[in-house]
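In case you want the letters, here they are:
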Amino acid sequence: MGQVVPLRGSDGARTWAQRLSEGQPAARAWFVQQFSHHVASLVYSTLGSRTDHDDLVQQVFLELLGSLSTVRDGERLKGWVSQVTVNTCRTLLRRERRGRWLRLFSSSEEAPEAWADDRLDARQVALLKATYSVLEGLDADERIAFSLHYLEELSIDETATAMGLSTATVKRRLSAAREHFREAAQSVPLLMEVLEAADER
Amino acid sequence: MSADDAGFRRLGRAVRDAQAPLVDAAALAARGVDERSARRSTRVGVGVVALAAALLLVVVGALAVRITPPAPSLGFEVGDRAGMVGEWVANTAPVPLAFSDGSSVLLGADTRAQVTNATARGATVRVERGHLSASIMHADTTAWTFEVGPYEVLVTGTRFDASWDPVRQKFELKLLEGSVVASGPQLPRKRVVAGQQLDLSPVPQTVDRPLEAITPEALPSEAMPPGPSTTQEPPPPQTSRDGVSPAPPRSPRSPGEPTWVRSLRAGDEADGVDQVERSGLLKVLQGRTAKDLLLLADAARRVSHPATSSAAYEAVRRRFPRSSESARAAFGLGLLQPSGAEARRWFSTYLREAPDGSLAREALGRMLETQLTDEPLQAKDTARRYLERWPQGPHARLAKKALE
């Protein structure tokens, strides 16, 4: 993996944007390193655990790397990466939702033991399963807005940029997502326990 | 924030913490796999376009001329046996790769390399570490690529030696005949001709003979790593340029302390970081203390391994929220950001979490630096805040200038 020098300040960002648009191998390596965690995390939060998670991350990077020549503004790089990732996830969610309706069964590729992992305890596994099960029932845009804002801790502005929507629309989606999530969570004690616990902070 | 919103934020944090190890593992996998496949994919993409154009020509041309079969891809032997594309070659003794077009590549002892692609016009040879001597047969359409560490050397017919030392991050290229085009960190696309030698390492230097354009002055100044140089003054005793204390002096060995921690404490940062990257970063991120992770993150940042540095800082933030180390990691993440806006976000996080922390002065000064170009109005506020608290601080002059 190419090692490159981290640059600081807005000049640095512009320089990287320039290098990326020129397709320099080192800049590409830097790009993959810099955003691999962000993309993997966005895909997880937006879609949950899936057998094809790594393929999706791969697909996002192929799209990103294929469009690097269009990069002009290093300051907006992260927003652009989020946008491409979210678009890929949204397209997939919508396609799967259509397919599910047509076939009357779930086409989700969630692995049977998707969240079973030595690194997680039983409560964590239960929490992840319950959360994503509820999110599965939300409209694609509501689900994505909820995931970006609450799971990825993006601000309203950042969520709007990533989704290509206005902040007002994102606020409406979030409001609807909270309402629908809470409705569905009523029958899941673990979720209600977390939602209504006294704040530690 | 409403109680409802707070509940969802709490849920979000719990979900994020729970899935963090899975995301870490996926991200690490992506770093290796995505880069390689993306590079292949780019080539395939170009190849598809070229193929489409070629097919069109063939269809048109076939009306008048007889179609000739495509030339076969180059074959090659590793020592005395047939080689395979994609196979890693790692010998303790030198081993020759002999190609069917007459080109040869001698891999030095302890070199790890693979032929990643072979066409009728040439091949792509990737060197993960070690040394090679190449002798490439020239023809009008010859196209060879050598990926030596993070550097790329494009060849049309030549003889050269190249090496990559991943531990010292050192790249050497010596042209014996012909010319090549090389590119990579610290090195914009540059033609190197016979008689020239290139030596790029943490201490940038060019060696000997007329290296006309390939001098440190010719390289972009922002690409220069912050490593030591013979012309630099020694670092200040307490605080380095970025405001973070340098590696602490050697400390007595603690029982059970991994060797990479000992290396870092002894000041051998490149070695310590390399050990972690080779032995498994994920295990370290999940198992070590906040202090060890900060030690790793700071060292990785100083030796220009941004991915490792960033992963270690992020692990501290995730695993030890609300700790002083978590705030300190926010400051480190600020230093790593290529974008002024992102850097400000992290410095601001540090100031929020540790308003009286030992790096508060530096964090506010750094914020001011980036705001001067991006947010002149906010820069004035920051400048006032800075001068109120640290009228004699290192950024005081800058702050006064911002208020003029």
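Below is a summary of the structure that appears in this document. (Residues numbered from 1 in each chain as written. Chains lettered and ligands numbered in written order. Predicted model: local features only at pLDDT ≥ 70, side-chain atom pairs only at ≥ 80, totals over all residues. Heavy atoms only, no water.)

1. Here we look at the overall build of chain B
Selection rule: Secondary structure is summarised from DSSP: a helix means a run of H or I of at least four residues, a strand means a run of E of at least two, and numbering begins at the N terminus for each. Should any heavy atoms of two residues lie within 4.5 Å, those residues are considered in contact. A 1.4 Å probe and the Shrake-Rupley method give the accessible areas. Residues count as covered only by the protein chains that appear here.
For chain B, the count of helices and strands is 11 helices and 12 strands. In chain B, once contacts between residues fewer than 6 apart in sequence are set aside, the share between residues at least 24 apart is 43%. In the structure as shown, chain B presents an accessible area of about 19700 Å², 56% of it carried by carbon and sulfur atoms.

2. Here's the deal with the overall build of chain A
To keep it simple, the criterion reads: Accessibility here uses a 1.4 Å probe with only protein chains present; expressed as a share of the type maximum, an area under 20% marks a residue as buried, one over 50% as exposed, and anything in between as partly exposed.
When helices and strands are tallied, chain A shows 9 helices and 0 strands. Taken from N to C terminus, the helices and strands of chain A fall in the order α-α-α-α-α-α-α-α-α. Counting every position in chain A, which comprises 201 residues, the buried fraction comes to 56%. Considering only contacts in chain A between residues 6 or more positions apart, those separated by 24 or more positions represent 65%. Of the roughly 8900 Å² of accessible surface on chain A, a fraction of 48% belongs to carbon and sulfur atoms.

3. So, the nonpolar core
Filter applied, for reference: What makes a nonpolar core is a set of buried Ala, Val, Leu, Ile, Met, Phe, Trp, Tyr and Cys residues whose side-chain atoms join them at distances within 4.5 Å.
Core analysis: the biggest nonpolar cluster contains 66 residues, and Phe31, Leu64, Trp80 and Phe181 of chain A together with Leu11 of chain B have the highest contact counts within it. It is helix α2 (residues 25–47) of chain A that provides the largest number of residues to this core, a total of 11 residues. In contact with Leu11 of chain B, not counting residues within four places along its chain, are Leu127, Thr131, Phe146, Phe181, Leu191, Val194 and Leu195 of chain A. Membership of the second largest hydrophobic core comes to 48 residues, among which are Leu281, Ala312, Leu359 and Ala402 of chain B.

4. Looking at the packing of aromatic side chains
The line we're drawing: Classification of ring pairs rests on two measures: the distance between centres of Phe, Tyr or Trp rings, Trp counted by its six-membered ring, which must be within 6.5 Å, and the angle between planes, read as stacked under 30 degrees, edge-to-face over 60 and tilted in between. In this scheme, Lys NZ or Arg CZ marks a charge over a ring once it lies within 6 Å of the ring centre and within 35 degrees of the ring normal.
Taken as a whole and judged by the stated rule, the model has 14 aromatic pairs over all chains. A ring pair is formed by Tyr150 of chain A and Phe8 of chain B, whose centres lie 5.6 Å apart and whose planes are at 40°; its orientation type is tilted. Pair noted here: Tyr150 of chain A is in helix α6 (residues 140–151) and Phe8 of chain B is in helix α1 (residues 3–61), and the two residues belong to different chains. Of the two residues, Tyr150 of chain A and Phe8 of chain B, both sit in the buried class. Ring pairing ties together the aromatic residues Phe76, Phe99, Trp144, Phe146 and Phe160 of chain B, which thus form one cluster. Its end group placed over the ring of Trp88 of chain B, Arg112 of chain B keeps NZ or CZ at 4.1 Å from the ring centre. Above the ring of Trp346 of chain B, the side-chain terminus of Arg345 of chain B is found at 5.2 Å from the ring centroid.

5. Points about helix α8 (residues 340–353) of chain B
The condition that has to hold: Each helix should span, by expectation, one fewer than its residue count multiplied by 1.5 Å.
With 14 residues, α8 of chain B should reach 20 Å at 1.5 Å per residue; the first-to-last C-alpha distance of 20 Å fits that figure. Among the residues of α8 of chain B, those classed as buried are Gly340, Glu342, Ala343, Arg344, Trp346, Phe347, Thr349, Tyr350 and Leu351 of chain B.

6. Some points on the packing of helix α5 (residues 290–302) of chain B against helix α6 (residues 306–319) of chain B
Residues and elements named next belong to chain B. Selection criterion: With axes taken as lines fitted to C-alpha atoms, and helix axes fitted only over the stretch in contact, angles between N-to-C directions fall between 0 and 180 degrees. If an angle is under 35 degrees, it is roughly parallel; if it is over 145, roughly antiparallel; if it lies from 65 to 115, roughly perpendicular; otherwise it is oblique. Rotating anticlockwise by less than a right angle from the far helix to the near helix defines a left-handed crossing, while the corresponding clockwise rotation defines a right-handed one. Here the term charged refers only to Asp, Glu, Lys and Arg, the term nonpolar to Ala, Val, Leu, Ile, Met, Phe, Trp, Tyr, Cys and Pro, and the term polar to all other amino acids, Gly among them.
Where α5 meets α6, the closest approach of the two axes is 7 Å, and the angle between their N-to-C directions is 155°. When the axes of α5 and α6 are compared, the pair comes out roughly antiparallel. The hand of the α5/α6 crossing is left-handed. Residues Ala290, Leu293, Leu294, Leu296, Ala297, Asp298, Ala300 and Arg301 of α5 touch α6, and the partners they reach there are Thr308, Ser309, Ala312, Tyr313, Ala315, Val316 and Arg319. Each residue belonging to the contact of α5 with α6 can be placed in one class, and the counts come to 10 nonpolar, 2 polar and 3 charged.

7. Digging into the environment of Ser147 of chain A
Residues and elements named next belong to chain A. Positionally, Ser147 belongs in helix α6. For Ser147, a relative accessible area of 0% translates into the label buried. The spacing of Ser147 and Tyr132 is 15 residues in sequence and 9.8 Å in space, taken between C-alpha atoms. Each residue touching Ser147, except ones within four places of it in the same chain, is listed here: Ser45, Thr46, Leu135 and Glu152.

8. Side note on helix α7 (residues 156–163) of chain A
Residue and element names in this part refer to chain A. Our working rule: Comment: arc refers to directions from the helix axis out to C-beta atoms.
Within α7, the full set of buried residues consists of Thr159, Ala160, Ala162 and Met163. The arc that holds every buried residue of α7, seen down its axis, measures 165°, which confines them to one face. Just past α7, the residue Gly164 takes up positive phi, approximately 70°.

9. As for the packing of α6 of chain A against α7 of chain A
Residue and element names in this part refer to chain A. For the pair α6 and α7, interaxial distance at closest approach is 9 Å and the crossing angle is 135°. Looking at the two axes, α6 sits oblique to α7. The way α6 lies across α7 gives a crossing that is right-handed. Residues Asp141, Ile144, Ala145, Leu148 and His149 of α6 touch α7, and the partners they reach there are Ile156, Thr159, Ala162 and Met163.

10. A few points about the pattern of salt bridges
Residue and element names in this part refer to chain B. For clarity, the threshold we go by: Basic side-chain nitrogens of Lys or Arg form a salt bridge, by our definition, when they fall within 4 Å of a carboxyl oxygen of Asp or Glu.
Applying the stated criterion across every chain yields a total of 26 salt bridges over all chains. With a shortest N-O distance of 4.0 Å, Glu147 and Arg126 are connected by a salt bridge. With Glu147 in strand β8 (residues 144–148) and Arg126 in strand β7 (residues 123–136), the pair connects residues that are 21 residues apart, well separated along the chain. Per residue, the accessibility class of Glu147 equals that of Arg126, and both read buried. Beyond isolated ion pairs, a larger network of salt bridges with shared partners links Glu257, Arg265, Arg288 and Asp292.

11. What about the environment of Gln337 of chain B?
All names here are of chain B. Relative to the helices and strands, Gln337 is located in the loop between α7 (324–336) and α8. Residue classification places Gln337 among the buried positions, given a relative accessible area of 9%. When the C-alpha atoms of Gln337 and Ser310 are compared, they prove to be 9.3 Å apart, with 27 residues separating the residues in sequence.

12. What to know about the side chain of His149 of chain A
Along the chain, the position of His149 of chain A falls in helix α6. His149 of chain A gets classed as buried once you look at its relative accessible area, which sits at 6%. Setting aside chain neighbours within four positions, we find His149 of chain A in contact with Leu154, Ser155, Ile156, Thr159 and Leu174 of chain A together with Arg9 of chain B.

13. Quick notes on the pairing of strand β4 (residues 95–99) of chain B
Residue and element names in this part refer to chain B. Here is the rule: Only when DSSP finds a minimum of two bridges between them are two strands counted as paired.
Side chains of β4 alternate between two faces, with Val95, Leu97 and Phe99 buried and Pro96 and Ala98 left unburied. The sheet contact formed by strand β1 (residues 76–78) and β4 spans 3 bridges and is antiparallel. When the bridges of β4 are listed, Val78 appears paired with Leu97. When β4 meets strand β5 (residues 104–107), the two strands line up antiparallel, connected through 4 bridges.

14. What to know about the pairing of strand β10 (residues 170–184) of chain B
Residue and element names in this part refer to chain B. Of the pairings in the sheet, the one linking strand β9 (residues 151–165) to β10 comprises 12 bridges and is antiparallel in character. Residue pairing across strands places Asp161 opposite Lys174, the latter belonging to β10. Here β9 folds back onto β10, and the loop between the two strands holds 4 residues, one of which, Gln169, carries a positive phi near 55°. Where β10 meets strand β12 (residues 197–200), 4 bridges bridge the pair, whose relative direction is antiparallel. Within β12, the residue paired with Leu173 across the bridge is Leu198.

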